[in-house]
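Take a look at the letters that make up each chain.
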Amino acid sequence: MSILVNKDTKVIVQGFTGKEGTFHASQCLDYGTKIVGGVTPGKGGTEYLNQPVFNTVYEAVNKTGATVSMIFVPPAFVADAVMEAADAGIELAVIITEGAPVRDMGLAKAYATKKNMMTIGPNCPGIITAEECKIGIMPGFIFKKGRIGLISKSGTLTYESANQIVQEGFGISTAVGIGGDPIIGLSYKQLLQMFQDDSETDGIVMIGEIGGDLEIQAAEFIKNNITKPVVAFIAGQTAPKGKRMGHAGAIISGSAGTAEEKMNALSSAGVKVVVSPADIGKAVREIMSK
Amino acid sequence: MNIHEYQAKELFKHYGVPTPRGKVAFSVDEAVKNAEELGGNIWVVKAQIHAGGRGLGGGVKLARSLDEVKTWTSKILGMQLVTHQTGPEGKLVQKVYIEEGADIKKEYYLGIVLDRAKEMPVMMASTEGGMEIEEVAKNHPEKIVKVAIDPIIGFQGFHGRNLAFGLGLSGDEMKYFTKFASALYKVYIDKDVDMIEINPLIKNGKGEFLALDGKVGFDDNALYRHPSIEKMRDLSEEHPTEIEAKASNLSYVKLDGNVGCMVNGAGLAMATMDIIKHEGGQPANFLDVGGGANPQTVAKGFEIILKDQNVKAIFVNIFGGIVRCDRVANGILEATKITQVNVPVIVRLDGTNAIEAAEILRNANIPNIISADNLVDGAKKAVALANK
């Protein structure tokens, strides 16, 4: 089980032969991910990393039966790549690219939704089902197999959390980095529901940050729909107003989007909220021993 | 990226969004000349800085003669204008906008922002012009009308009518308003705008609408396709260290504490600031050195952090994933040879080869480089050493 991806998932890479695409696709192959080909317009018919290269996503899907695409194309072309994937019948696009214009992502996301394609990201570390399938840029070895589902807006904070969870003697079922941009694909709500329904997940850790109100919506959703225990940490408790903190979406505007507001909402939804990022692992031990 | 009111109004004019006539001035003489050219017998002298609340701070004045234009301009140019958005130190005013006096029958608010939940732009209007929209939203949410605009269909007549009727407009006024709103939406979409705010939007005696103010911020990720907008960047409005960091692809935000932070990844960087606070200290900055954390970026990071005289200790918090910690440790040692670091540096490296990394730091035997066992240990040591 686990969610979204597993050892049988067939993956293609868009932006396969670029620098980032090459490095991370090799790492994913080493991890055991079933990468069955890549797309680089103009290089179709060749082989790369012992996999076939195609000119179009349509061709790649037809020839390989891939259902997931990992996207590394540069920001100016990422919306095009996402829409091509959607049009070609890909079921899930994992968008790693950082720096995509918001307007482009708005259109790409609307089209993906119309075509029933799920997206993760952009500007995210990707998704990993521990010891089965890694689609993204995370260091795979940190994610020891276990029964905790992890959802996070941040990359390194995902690794930090997974590491703490493992050090406490637990492990990860699936970890999803949803990205910190203003418009993102799968978000807390959908993923919480998937983890709730997953027989291999017993508890959930969600890592949020300042900006937007996805965490507030998640709190409301948890209250009504999630019975598995949840731990949360919100980064940016000390962030000043009106300043963008690295991620394009991490900005507090007016009184909305503060860490405090999100922490309160999650607490009142019954989530175990930790104030210190060093306490994530300990909190998992606490909720799992109840 | 944000621009000044006068630049926003230039952009508006280009798109047929009506504004009163005006001209920017960098000196008193220029201001008087502008007023003469504009004609009439009443002008407004407006300080041009990137902050709201300029009027309350004394940065916007009405002049009823050319002499008054001169007087007010000489007072405003060169002043440290303090508003609720500038912080107590205020901002130096280097230019003023001279605008013709407007015939104001009523003030409104009009803005466009991205609604992240709906994933589309939302246009907001209110009859409470001149008030902060956050305040109106809190105290009188019923006085705000909103329409979400699906980018696939763009701005349609019904969007304009829904807003106009919501504001109590009808007849020609409704038509004028809809035309104004439609032109403004075009600016938002064409230029990859992140946020537009017109506060106040005014209605004159003829029932026409004009932007009396204009605040526009752009999506930084899209600036590459708008060179004309990029040219409007006013570097004097940005923190010099933040500009320097950006030039080296580092993401830096200055804060007020004394514990410098150098972290890989934006989320972990924020979490590092949080744990410093949690352990009783105050972070001096946000700094994301990115995934690589090689000697050059780490050295640049040290240089940028140390520009802030308040910094008494630096907490380096790196989670090495694909970048191995032993390489990062060597990078840190290398960096201290490039940049002179004379405050304690507390280093917490976790992830791939963390044990070897700690060994490398210990063996280097540099007295001000202190290895931390974990996140809490690092934060505690950094806070203690900064407050010593």
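The model shown is predicted, which means the values in this text are computed figures rather than measured ones.

Caption draft 1: Main features of the sheet that holds strand β6 (residues 96-100) of chain B. All names here are of chain B. One open sheet accounts for four strands, arranged β1-β6-β2-β3; its pairing is antiparallel. In the strand order of this sheet, the two ends are held by β1 (22-25) and β3 (60-63), each with one partner. Each strand axis lies, on average, 20° off the axis of its neighbour in the sheet, ignoring direction. Across four bridges, strand β2 (residues 43-47) lies against β3 in antiparallel orientation. When the sheet's bridge partners are listed, W43 is paired in β3 with A63.

Caption draft 2: Fine view of the pattern of salt bridges. Scanning the entire structure with this criterion turns up 41 salt bridges over all chains. With a closest N to O distance of 2.6 Å, R348(B) and E160(A) form a salt bridge. Note that R348(B) is positioned in strand β17 (residues 345-351) and E160(A) in helix α5 (residues 155-167), a pairing that runs across two chains. The salt bridge involving K46(B) is made with E5(B); its shortest N-O contact spans 2.6 Å. With K46(B) in strand β2 and E5(B) in helix α1 (residues 5-14), the pair connects residues that are 41 residues apart, well separated along the chain. Under the relative-accessibility criterion, K46(B) is labelled buried at 6%. Linked through salt bridges whose partners overlap, the residues forming this network are E5(B), K9(B), K46(B), R54(B), E99(B) and D213(B).

Caption draft 3: Spatial organisation of the interface of chain A and chain B. Opposite the 58 residues of chain A that make contact, chain B presents 44 residues. Surface buried jointly by chain A and chain B totals about 3800 Å² across both partners, of which 62% is contributed by carbon and sulfur atoms. Where chain A packs against chain B, one counts four salt bridges. Between R225(B) and D104(A) there is a salt bridge, with the nearest N and O atoms lying 2.7 Å from each other. Within the residue set of the side of chain A that touches chain B, elements represented by two or more residues are α1 (19-31), α4 (102-114), α5 and β13 (230-235) of chain A. Counting residues per element, the side of chain A that touches chain B draws most heavily on α5(A), at seven residues. Of the residues that constitute the side of chain A that touches chain B, the class distribution is 30 nonpolar, 19 polar and nine charged.

Caption draft 4: Spotlight on the state of the cysteines. Under the criterion given, the structure shown has zero disulfides over all chains. Free cysteine: C133(A), not disulfide-bonded; nearest cysteine sulfur from C28(A) at 7.9 Å. Look at C133(A) and you get buried, because its relative accessible area is 0%. Unpaired in terms of disulfides, C261(B) finds its nearest cysteine sulfur in C325(B), a separation of 18 Å.

Caption draft 5: Looking closely at empty space enclosed by the protein. Considering all chains together, one arrives at two cavities of 30 Å³ or more under this definition. One number sums up the size of the largest cavity: a volume of about 180 Å³. Taken together, 16 residues line the largest cavity, and the ones lying closest to its centre are V102(A), R103(A), L114(B), Y188(B) and V193(B). Elements represented by at least two residues in the lining of the largest cavity include exactly α4 of chain A together with β8 (120-126), α6 (171-190) and β10 (193-203) of chain B. Here the lining of the largest cavity takes four residues from α4(A), the largest share from any one element. For the lining of the largest cavity, the per-class residue count stands at ten nonpolar, one polar and five charged. When its volume is computed, the second largest cavity comes out at roughly 40 Å³. Lining of the second largest cavity is provided by V82(A), I95(A), M105(A), A108(A), K109(A), T119(A), G121(A), P122(A), I183(A), I184(A) and G185(A).

Caption draft 6: Spotlight on a nonpolar patch on the surface. Taken together, the side chains of L107(A), I152(B), I153(B) and F158(B) present a nonpolar region at the surface, about 360 Å² in accessible area. With respect to the helices and strands, the residue I153(B) is situated in the loop between β9 (144-148) and α5 (157-166).

Caption draft 7: Representation of unusual backbone geometry in the model. Cis geometry is adopted by the peptide bond preceding P122(A), which originates at G121(A) and carries an omega value of 10°. Tracing the backbone through its elements, the reader meets P122(A) in the loop between β7 (118-120) and β8 (126-129). For the bond running from N199(B) to P200(B), omega is 10°, close enough to zero to count as cis. As for its placement among the helices and strands, P200(B) is situated in strand β10. Phi at L4(A) takes a positive value of approximately 65°, unusual for a residue other than glycine. Looking at where L4(A) falls in the secondary structure, it is placed in the segment before β1 (10-14).

Caption draft 8: Inspection of the side chain of E132(A) at higher detail. Residue and element names in this part refer to chain A. Within the secondary structure layout, E132 lies in the loop between β8 and β9 (133-136). At 3.0 Å, the side chain of E132 forms a polar contact with the backbone nitrogen of K7. In this structure, E132 is in contact with N6, K7, Y31, G32, T33 and K145, ignoring residues within four places of it in sequence.

Caption draft 9: Representation of the pairing of strand β10 (residues 145-152) of chain A within the structure. Residues and elements named next belong to chain A. Judged by how many residues are buried, β10 sits mostly within the fold: six of eight residues are covered. Two strands pair when backbone bridges link them, and β10 and strand β11 (residues 172-177) are joined in this way by five bridges, in the parallel orientation. In the strand pairing of β11, I148 is matched with I172. Handedness of the crossover joining β10 and β11 through α5 is recorded here as right-handed. Bridging between β10 and strand β12 (residues 203-209) involves five bridges; their strand directions are parallel. If you follow S152 over to β12, its bridge partner there is I207.

Reading the values: rules and limits
Residues numbered from 1 in each chain as written. Chains lettered and ligands numbered in written order. Predicted model: local features only at pLDDT ≥ 70, side-chain atom pairs only at ≥ 80, totals over all residues. Heavy atoms only, no water. Pairing = 2+ DSSP bridges. Helix = DSSP H or I, 4+ residues; strand = E, 2+ residues; numbered from the N terminus. Axes fitted to C-alpha atoms, helices over the stretch in contact; angles between N-to-C directions. Salt bridge = Lys/Arg side-chain N within 4 Å of Asp/Glu carboxyl O. Buried < 20%, exposed > 50% of the residue type's maximum accessible area, 1.4 Å probe, protein only. Contact = heavy atoms within 4.5 Å. Buried area = accessible area lost by both parts, 1.4 Å probe. Nonpolar A, V, L, I, M, F, W, Y, C, P; charged D, E, K, R; others polar. Disulfide = S-S within 2.5 Å. 1 Å grid on protein atoms, 1.4 Å probe; cavity = no way out; pocket = protein on both sides within 12 Å on 5 of 7 lines; lining within 4 Å. Points joined across faces, edges and corners; volume = space filled by probe spheres on them. Patch = residues over 30% accessible without salt bridge, like charges linked within 9 Å, V, L, I, M, F, W, Y side chains within 5 Å. Areas by Shrake-Rupley, 256 points an atom, 1.4 Å probe, with all protein chains shown as cover. Polar contact = N/O pair within 3.5 Å; in protein donor to acceptor, adjacent residues only side chain to side chain. Right-handed = clockwise from strand over helix to strand, strands pointing away.

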